[in-house]
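Chains, contacts and geometry: an overview
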Amino acid sequence: MHLLVPFFIAALGLQAQAPRPSEVQERRLSNGARLLLVERRGLSAFNGTLVFQGGRAEEPATAPGATDLLAAALYSTTWPEDVAPAKNQADLEALLKQEEGLLEALRLERLRLRRDPGTTTQVPALEARLESIQARLQTLCSSSPLSDLYLARGGRQKAEATTDALLVQTELPLESFEFWCRTEAQRLRALELSRFSGVRAELVADLRSNGTLGTALLCGAALPGHPYGRDLLDYLPALEALRWSDLRAYARHSLRPDRMTIILVGSFSVEKVLPVVERHLGSLPVVPEGEEAILPEITPGLGDRRVEAALGTSPRLLTGWRIPARRHPDHLALRMAAQLLGGGQSSRLESQLVRTKNLVRKVQVSLDEPGGRFPGLLVADLRPREGHSLAEVAGALHSEILRLQQDPIPQEEWLRASAQLEAEHLRVEDDPAALAHSLGTAWASGGDWRLAELDIQALRGLVPEVVQDAARTWLSPSHRTTVLLEPNPGSSQDPVEAELVRVLKTLASARIPDLAQREHLVAEGVRQLRMLSSEERLKTLKLLEAQLAPEKR
Amino acid sequence: MKATLGILLAATLSLQAQSGVHSFTLANGLRVLHLEEREHPLVRVRLFVRLEPGDVPPGRQGLPLLFQRTFTKGETADLKAGELDRNLDDSGIQLTQSLEAGGFTWRLVTRSRDQDRAMGLLADRLLRTLLDPTLLEAERLVCKRLLERPEGTPHERLRQALAQDPAARPSMSSLGAITLQDLLAFRARVLRPDRAILILHGDLGLEQAKRLVLLSLGAWSVPSPTTPASPAPSLVSTTASPGSVGTLQIPSPGAGIRIQAVASPSGKLPREIVELLGLLVPGDASLPPVRVGVEDGCLVATLDGETGTPASVAWSLLHDRLEALRQRGFTQADLERARVAWLARRSLDSLHVEAQIYGALAEALGQSATEDRMRALSLEALNAGLSQWLDPAKLRVGALGEPELLKTLPIR
């Protein structure tokens, strides 16, 4: 009987201190945009978040990286010339057009030189002309420190590109509220993107330097053919070919009011803010809906997949299970499963694999990788201790999954995981930026901001058997993809893989004239070859080499 | 009955109390700041313990890091390995420990109903952790491995490597030299209540806070004086080493050249200058293609060269841009604009509990900028501060890229 006491205490505690649902008020603007308002008294500043549904998953093949580029070129900084059309706006746009033309000419000339080295080059002349245009552009752009309009008013803005959305968070003193509404409306009207070329160069440099990432390998292998499995690194040539006007056209379609939710957290009432928001953001023109992206379905039971690669500086085991989208009834149960496995320092993987068996030194479990709008992944990221193999770690992880599926979940453990999720929810409620982010993500990935609240309410009705059922259904070998990463000292790329890339490129160069298409096919080929064991890869390499002319081997 | 009414009345009064910082000091010297905020049933605690020059003996670079890792994972006198974590997790309490510029920080976030338990566990970790020699060896291995093969993307590794003053950077030999005795002596020297500041924020009243702190940390005693380990290249050294010392190079096949310089402000630089320059420098139009940001209180300048750009060219460009700005300085109009922005920005703290806690801590440490001093700041002082902050001799510089291209760097 006394065993029940902790339950009662816990249950009473949950009711006594259950997080109050944040009082979110929802309104629709005349142009279709949604407004969510959370009133918080006593704040002298506000958080204004814009969420545009879509994100990387909806980028067409011709505009890879568009969401990341918009996050950096349209948002993050607020230059006067981008939001307040000046008398020299026509000059600015004309110069941006010229810059675009020269960048494209340079790109093509460099490609031509790669194909026909030794021929006369136009590169220096084009570079000189580009430099001159960019110098003229600079004279039209703001040059003094603190010309960022928000920074000058004590504010800040950050933008985040995800697979499901573009999220932009701004914080400003309360008195700048109308200024924020006006500025954001003007930014969307103008879509000037005056710093496009610099931002694109920065993104390309980042992608090149960081190379392939483990999670990208996992998503690519686990979600083949779906935009969730796309690695931007494979689309570098297309990204380099993306023009200023292409990005503007994409932004006009994807950042339209009916795909936008405005979230406000601050010390103001809906009566006060609604007319202001309507006047500015509500007056953005309604853009006729274009063709919506049709995304392929992902079959969860694709079979057990396995990838081996040499990457990084230490061994790492990444295991992903294809799970349903956030709206699916099993999703909450899987969230609880993830919590039991890897939430907190006393979770199963921490206590068993890190402490008891001493196999692993670092554990991380995440849900909805890379997004939650479509079926994604539940990922266990494990880094073995010195002296323990990846196979050993994979075996131990498998045992823990079986234990979760088969053995009853102790009540103490269940209550612990529930308490952690409750406390996490409370921490999110307490932080205006986190709350806005949580509501925005729920809307972008689940189609309804209420999911942020409903999840925690539904959690109280969840029982262990439901979690075990979901674990048996979704965390099965047929849904699993395993990526085994071993370091390769002295090089960031496996020598066999490097050779495979060289051979594939040589073979492709003879058959596919378009460089972008060629590089994409090579990347896809490498991705497929990573599914093979080391021995099979070596055999394939020899077979491919045999197809090369002797002097090219 | 009277007692119940008294408690109820006290609770009501404390509910009505206005937010504000109250401070008190325990008999053991622990300074406590209390900020009441009743919006959500949460309590946040931050404990800061200051590191001082002389805390790290010569040849023991990495001692604070190794101490932190061993201390965080150790058993306590009452709780076996994992039990403390389990107790924390049982109530959804978050407890983290970090080594930051200037000292150790413990951060605790708990539902207010679990505040007693949470503070008890913090005290357990702080006062009763056993330093285990086996754990020390395991963590030493981890530190050595991370030194040999740091994790993260090449960009992250470069940034991470530049985060620390070269003089305080651990080496294989310094990590190998650290003994359990060093750890014990370091603990006695550093983990003292008279070096610490505790901040309590959230759903608890002043009297409640006093009771809580007294019960949990009132027994924290000042250990008998230990011989300071001087002279020491300290973690909190106020003078950075010259850029030529330990210039970092991270070979990264396939990557374009990246040059990065980190300027850490001297401890003597007035806070007002640090804050204004943090607003002015990143947006200066003379800097591109060099990008400058403020990270962890440091100015971080980055230049990405196009593929094939010799490292020496990128290197010179970054240095020239920073030096030109340092020589030129800012104008009176820039100063005025930055002052206005700084004054307005303070209201943003109301959105961030952590910023409010940080503000209270900075004030207690005498490191916060004040409105009066900000208004009195002259242009000459601002530009002198800029010159001091961007002194080329004090920059920590590193480069990343193709191994062949790195060979062209002027300083190796």
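Residues numbered from 1 in each chain as written. Chains lettered and ligands numbered in written order. Predicted model: local features only at pLDDT ≥ 70, side-chain atom pairs only at ≥ 80, totals over all residues. Heavy atoms only, no water.

**Concerning the overall build of chain B**
Check the secondary structure of chain B and you find 16 helices and eleven strands. Among the 412 residues that make up chain B, the fraction classed as buried is 50%. Looking at chain B alone, contacts between residues at least 24 apart form 84% of all its contacts between residues at least 6 apart. (Helix = DSSP H or I, 4+ residues; strand = E, 2+ residues; numbered from the N terminus. Buried < 20%, exposed > 50% of the residue type's maximum accessible area, 1.4 Å probe, protein only. Contact = heavy atoms within 4.5 Å.)

**A look at the nonpolar core**
Among soluble globular proteins, nonpolar side chains are generally buried collectively. Membership of the largest hydrophobic core comes to 68 residues, with the highest contact counts inside it found for Phe177, Trp180, Ile262, Leu264 and Val277 of chain A. When near neighbours in sequence (up to four residues on either side) are disregarded, Phe177 of chain A contacts Phe46, Leu264, Phe268, Val273, Val276 and Val277 of chain A. Counting residues in each nonpolar core, the second largest holds 45 residues, with Leu47, Leu63, Met119 and Cys143 of chain B among its members. (Core = buried A, V, L, I, M, F, W, Y, C linked by side-chain atoms within 4.5 Å.)

**A look at the confidence of the model for chain B**
Residues and elements named next belong to chain B. On average, residues of chain B score 86 in pLDDT, and 88% of them are at 70 or above. Residue range residues 1–19 is modelled with pLDDT below 50. Its contacts to residues more than four positions away, or to other chains, number eight contacts. For the stretch residues 230–246, pLDDT sits under 50, and the model shows 41 contacts to residues farther than four places along the chain or on other chains. (pLDDT = per-residue confidence, 0-100.)

**Regarding the pattern of salt bridges**
Using the criterion set out here, one finds 68 salt bridges over all chains in the structure. A salt bridge links Arg38 of chain B to Glu36 of chain B, with the nearest nitrogen and oxygen atoms 3.0 Å apart. Linking Arg328 of chain B and Asp284 of chain B is a salt bridge whose minimum nitrogen-to-oxygen distance equals 2.6 Å. Placement of Arg328 of chain B in helix H11 (residues 311–328) and of Asp284 of chain B in the loop between helix H10 (271–280) and strand S9 (291–295) is noted, with a sequence separation of 44 residues between them. Here the residues in one salt-bridge network are Asp430 of chain A together with Arg44, Arg46, Glu100, Arg107 and Glu354 of chain B, joined through shared partners. (Salt bridge = Lys/Arg side-chain N within 4 Å of Asp/Glu carboxyl O.)

**Points about the interface of chain A and chain B**
In this assembly, 58 residues from chain A lie in contact with 55 residues from chain B. Viewed at the interface, chain B and chain A are joined by nine salt bridges. In this structure, Glu151 of chain B and Arg383 of chain A form a salt bridge, with 3.9 Å as the shortest nitrogen-oxygen distance. Linking chain A with chain B are 18 residue pairs in polar contact (both at pLDDT 80 or more), by the criterion used here. Listed by contribution, the elements that provide at least two residues to the side of chain A that touches chain B are helix H1 (4–16), strand S3 (45–53), helix H6 (149–152), strand S5 (165–173), helix H8 (196–210), strand S9 (360–369) and helix H16 (411–430) of chain A. Residue contributions to the side of chain A that touches chain B peak at ten residues, all from H16 of chain A. (Polar contact = N/O pair within 3.5 Å; in protein donor to acceptor, adjacent residues only side chain to side chain.)

**Section: the packing of H16 of chain A against helix H18 (residues 451–459) of chain A**
Residues and elements named next belong to chain A. Interaxial distance between H16 and H18 falls to 10 Å at its minimum, and their mutual angle equals 155°. Considering their axes alone, H16 and H18 lie roughly antiparallel with respect to each other. As for the relative orientation of H16 and H18, their crossing is left-handed in sense. Residues Ser418, Leu421, Glu422, His425 and Glu429 of H16 touch H18, and the partners they reach there are Ala452, Glu453, Ile456 and Leu459. Looking at side-chain class alone, the contact of H16 with H18 contains four nonpolar, two polar and three charged residues. (Axes fitted to C-alpha atoms, helices over the stretch in contact; angles between N-to-C directions. Parallel < 35°, antiparallel > 145°, perpendicular 65-115°, else oblique. Left-handed = near helix turned anticlockwise from the far one by under 90°. Nonpolar A, V, L, I, M, F, W, Y, C, P; charged D, E, K, R; others polar.)

**A look at the sheet that holds strand S11 (residues 396–401) of chain B**
One key point about sheets: their strands pair by backbone hydrogen bonds, in either a parallel or an antiparallel sense. Residues and elements named next belong to chain B. Judged by pairing direction, the sheet is mixed, and its five strands sit side by side in the order S7-S11-S8-S10-S9 without closing on themselves. At either margin of the open sheet sits one strand with a lone partner, and together these are strand S7 (248–251) and S9. Averaged over all neighbouring strand pairs, the angle between strand axes comes to 20°, with direction disregarded. Pairing analysis gives four bridges linking S7 to S11, with the strands arranged parallel. Directly across from Pro251, in S11, lies its bridge partner Gly401. (Pairing = 2+ DSSP bridges.)

**Details of the sheet that holds strand S1 (residues 21–25) of chain B**
Residue and element names in this part refer to chain B. Here six strands make up an open sheet; going across it, the order is S1-S2-S6-S3-S5-S4 and the pairing mixed. Each having just a single partner strand, S1 and strand S4 (94–100) make up the two edges of the open sheet. Ignoring strand direction, the axes of neighbouring strands in this sheet form an average angle of 15°. Pairing of S1 with strand S2 (residues 31–36) involves five bridges; the strand directions are antiparallel. When the bridges of S2 are listed, Val21 appears paired with Leu35. Each of strand S3 (42–50), S4, strand S5 (103–111) and strand S6 (196–202) touches helix H4 (residues 115–128); the most contacted strand, S5, lies at about 155° to it.

**Thoughts on the packing of aromatic side chains**
The tally for this structure, following the rule as stated, stands at 14 aromatic pairs over all chains. When the centroid spacing of 6.3 Å and the interplanar angle of 75° are considered together, the rings of Phe71 of chain B and Trp106 of chain B count as edge-to-face. Taken together, the residues Phe71 of chain B in helix H2 (residues 63–73) and Trp106 of chain B in strand S5 connect sequence positions 35 residues apart. We classify Trp106 of chain B as buried; its relative accessible area is 1%. The structure contains a cluster of three or more aromatic residues connected by ring pairs, namely Phe67, Phe71, Phe104, Trp106 and Phe186 of chain B. A cation sits over an aromatic face here: Arg153 of chain A above Phe179 of chain A, 3.8 Å from the ring centre. A cation sits over an aromatic face here: Arg328 of chain B above Phe330 of chain B, 5.7 Å from the ring centre. (Phe/Tyr/Trp six-rings, centres within 6.5 Å; stacked < 30°, edge-to-face > 60°. Lys NZ or Arg CZ within 6 Å of the ring centre and 35° of its normal.)

**Remarks on the side chain of Asp381 of chain A**
As for its placement among the helices and strands, Asp381 of chain A is situated in strand S10 (residues 376–384). Within polar-contact distance, the side chain of Asp381 of chain A engages the side chain of Arg316 of chain A at 2.8 Å.

**Observations concerning the confidence of the model for chain A**
All names here are of chain A. Summary statistics for chain A give a mean pLDDT of 87 and a share of 91% for residues scoring 70 or more. When mean pLDDT is taken per element in chain A, S5 scores highest with 98 and H1 scores lowest with 40. When the criterion is pLDDT under 50, residues 1–21 qualifies, and its contacts beyond four places in sequence or with other chains add up to 22 contacts.

**Overview of the side chain of Arg159 of chain B**
All names here are of chain B. In this structure, Arg159 sits in helix H6 (residues 154–162). Given a relative accessible area of 15%, Arg159 falls into the buried group. If we ignore the near neighbours within four places in the chain, the residues touching Arg159 are Gln260, Val262, Glu295, Asp296 and Val300.

**Structural notes on H2 of chain B**
The set of residues buried in H2 of chain B consists of Leu63, Pro64, Leu66, Phe67, Gln68, Thr70 and Phe71 of chain B. At its buried positions, H2 of chain B is contacted by S4, S5, H4, helix H5 (133–148), helix H7 (172–177) and helix H8 (180–190) of chain B.

**Some words on unusual backbone geometry**
Outside of glycine, negative phi angles account for most residues, and trans bonds account for most peptide bonds. Residues and elements named next belong to chain A. Omega for the peptide link from Glu369 to Pro370 comes to -5°, which places this bond in the cis form. Residue Ser76 is not a glycine yet carries a positive backbone phi of 75°. Summarising the element assignment, Ser76 is placed in the loop between helix H2 (66–73) and helix H3 (80–83). Classification of Ser76 by relative accessible area gives partly exposed; the value is 30%. Unusually for a residue other than glycine, Leu193 sits at a positive phi of about 50°. Tracing the chain through its elements places Leu193 in the loop between helix H7 (177–190) and H8. A relative accessible area of 1% places Leu193 in the buried class.

**Observations regarding the pairing of strand S11 (residues 480–486) of chain A**
Residue and element names in this part refer to chain A. Most of S11 sits inside the fold, with six of its seven residues counted as buried. The pairing of strand S8 (residues 316–323) with S11 spans six bridges and is classified as antiparallel. The residue bridging Thr319 from the neighbouring strand is Thr482, located in S11.

**Describing the packing of H7 of chain A against helix H12 (residues 270–280) of chain A**
Residue and element names in this part refer to chain A. Interhelical geometry of H7 versus H12 gives an angle of 25° and a closest axis separation of 9 Å. Our classification of the angle between H7 and H12 gives roughly parallel. The chirality of how H7 crosses H12 is right-handed. Residues Phe177, Glu178, Cys181, Arg182, Ala185 and Arg189 of H7 pack against Val273, Val276, Val277, Arg279 and His280 of H12. Of the residues in the contact of H7 with H12, the class split is six nonpolar, one polar and four charged.

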